[in-house]
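Coordinate inspection notes
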Amino acid sequence: MTDKINSSRAPEPVGPYPHALRVGNFLFLSGIGPRERGASKIPGVELGPDGEIVSYDIETQCHAVFRNVRMILEDAGADWPDIVDVTVFLTNMKADFATFNRIYAQYFADNQPCRTTIEVGALPTPIAIEVKVVAWINQE
């Protein structure tokens, strides 16, 4: 049985997909970025007139991403400690990894899920980070 989950608090998906799918005890989140629901300005991103990134603050984006993940988890009936796997996409590994890793360590001080971090050339919107999360919801 598969349940689609769309959070009323997280930013709207940029394509035809839900925020998450629940399959049994597993919760699979779609790629989550730092955007805010109903806002055109992206936290930590300065865009030029052509819509290209002029500058960005990876720290601000990381906090926004984790805030969005938390909202989706909560709206799906899960909690932060339920996260078992995180895939991270960064557009500039060399410049941003150390900052991301420091912030990640703050959010995952108690539970430490598996993690993969990948550098990508671009993401679907003008952002520098996106994460994909898998959680396990204990139904006891």
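Focus: the layout of surface pockets
Taken as a whole, the largest pocket encloses approximately 190 Å³ of empty space. What lines the largest pocket is a set of 15 residues, among which Tyr17, Gly31, Ile32, Gly33 and Arg35 lie closest to the centre. Class assignment for the residues of the lining of the largest pocket results in seven nonpolar, five polar and three charged.

Digging into the packing of aromatic side chains
What describes a pair of aromatic rings is the distance from one ring centre to the other and the angle between the planes of the rings. For the structure shown, the criterion picks out eleven aromatic pairs. Pairing Phe66 with Tyr107 gives two aromatic rings, centres 4.6 Å apart and planes at 45 degrees, and the pair type is tilted. One end of the pair, Phe66, is in helix α1 (residues 58-75); the other, Tyr107, is in helix α2 (residues 93-107), with 41 residues separating them in the sequence. Under the relative-accessibility criterion, Phe66 is labelled buried at 2%. Looking at Tyr107, the relative accessible area reads 21%, which means it is partly exposed. Across the ring face of Tyr104, the terminal group of Arg115 is positioned such that the distance to the ring centre comes to 4.4 Å.

With respect to a nonpolar patch on the surface
Residues Val23, Phe26, Phe28, Val84 and Trp136 make up a contiguous nonpolar surface patch of about 390 Å² in total accessible area. Considering the arrangement of structural elements, one finds Val23 in strand β2 (residues 20-23).

Considerations on the environment of Asp79
The topology assignment puts Asp79 in the loop between α1 and β6 (83-90). For the pair Asp79 and Ala135, spaced 56 residues apart in sequence, the C-alpha to C-alpha distance is 8.6 Å.

Concerning the pattern of salt bridges
Scanning the model with the defined rule gives four salt bridges in all. A salt bridge links Arg9 to Glu74; the shortest N-O distance between them is 3.0 Å. Here Arg9 is found in the loop between β1 (2-5) and β2, whereas its partner Glu74 is found in helix α1, with 65 residues between them in sequence. Relative accessible area serves as the criterion here: at 35%, Arg9 is assigned to the partly exposed category. Since its relative accessible area comes to 41%, Glu74 is described here as partly exposed. The partner of Arg102 in a salt bridge is Glu59, and the shortest N-O contact between them spans 3.1 Å. Remark: Glu59 occurs in helix α1 and Arg102 occurs in helix α2; sequence separation between them is 43 residues. The exposure class of Glu59 is partly exposed, given its relative accessible area of 32%. Several salt bridges converge on common partners, so that one network encompasses Arg9, Glu74 and Asp75.

Parameters at a glance
Throughout, residues of each chain are indexed from 1 in the direction in which the sequence is written. This being a predicted model, a pLDDT of at least 70 is required before a residue's local features are given, and a value of 80 or more before pairs of side-chain atoms are given or counted; all residues contribute to the totals for chains, interfaces and linings. Side-chain figures throughout are based on the complete set of non-hydrogen atoms in the structure, without hydrogens or water. Of the two site types, the cavity is a set of points on a 1 Å grid over the protein atoms alone where a 1.4 Å probe fits but cannot get out, and the pocket is an open set with protein on both sides within 12 Å along at least five of seven lines, each lined by residues with an atom within 4 Å of a point. Grid points are joined across faces, edges and corners, and a volume is the space filled by probe spheres set on the points. Each residue is assigned to one of three groups, with Ala, Val, Leu, Ile, Met, Phe, Trp, Tyr, Cys and Pro labelled nonpolar, Asp, Glu, Lys and Arg labelled charged, and all others, Gly among them, labelled polar. A pair of Phe, Tyr and Trp rings is counted when the ring centres sit within 6.5 Å of each other, with Trp represented by its six-membered ring. The angle between the planes then sorts it: under 30 degrees is stacked, over 60 is edge-to-face, the rest tilted. Helix numbers and strand numbers start at the N terminus; a helix is a DSSP run of H or I with at least 4 residues, a strand a run of E with at least 2. Note on exposure labels: buried denotes an accessible area under 20% of the residue type's maximum, exposed denotes more than 50%, and partly exposed covers the range between, all computed with a 1.4 Å probe on protein chains only. A ring is scored as having a charge over it whenever the NZ atom of a lysine or the CZ atom of an arginine sits within 6 Å of its centre and within 35 degrees of its normal. The patches reported here contain residues having more than 30% relative accessible area and no salt bridge. Joining distances are 9 Å for like charges and 5 Å for nonpolar side chains (Val, Leu, Ile, Met, Phe, Trp, Tyr). Note on areas: these come from Shrake-Rupley sampling with a 1.4 Å probe, and a residue is covered only by the protein chains present in the view. In what follows, salt bridge is the name for a side-chain nitrogen of Lys or Arg lying within 4 Å of a carboxyl oxygen of Asp or Glu.

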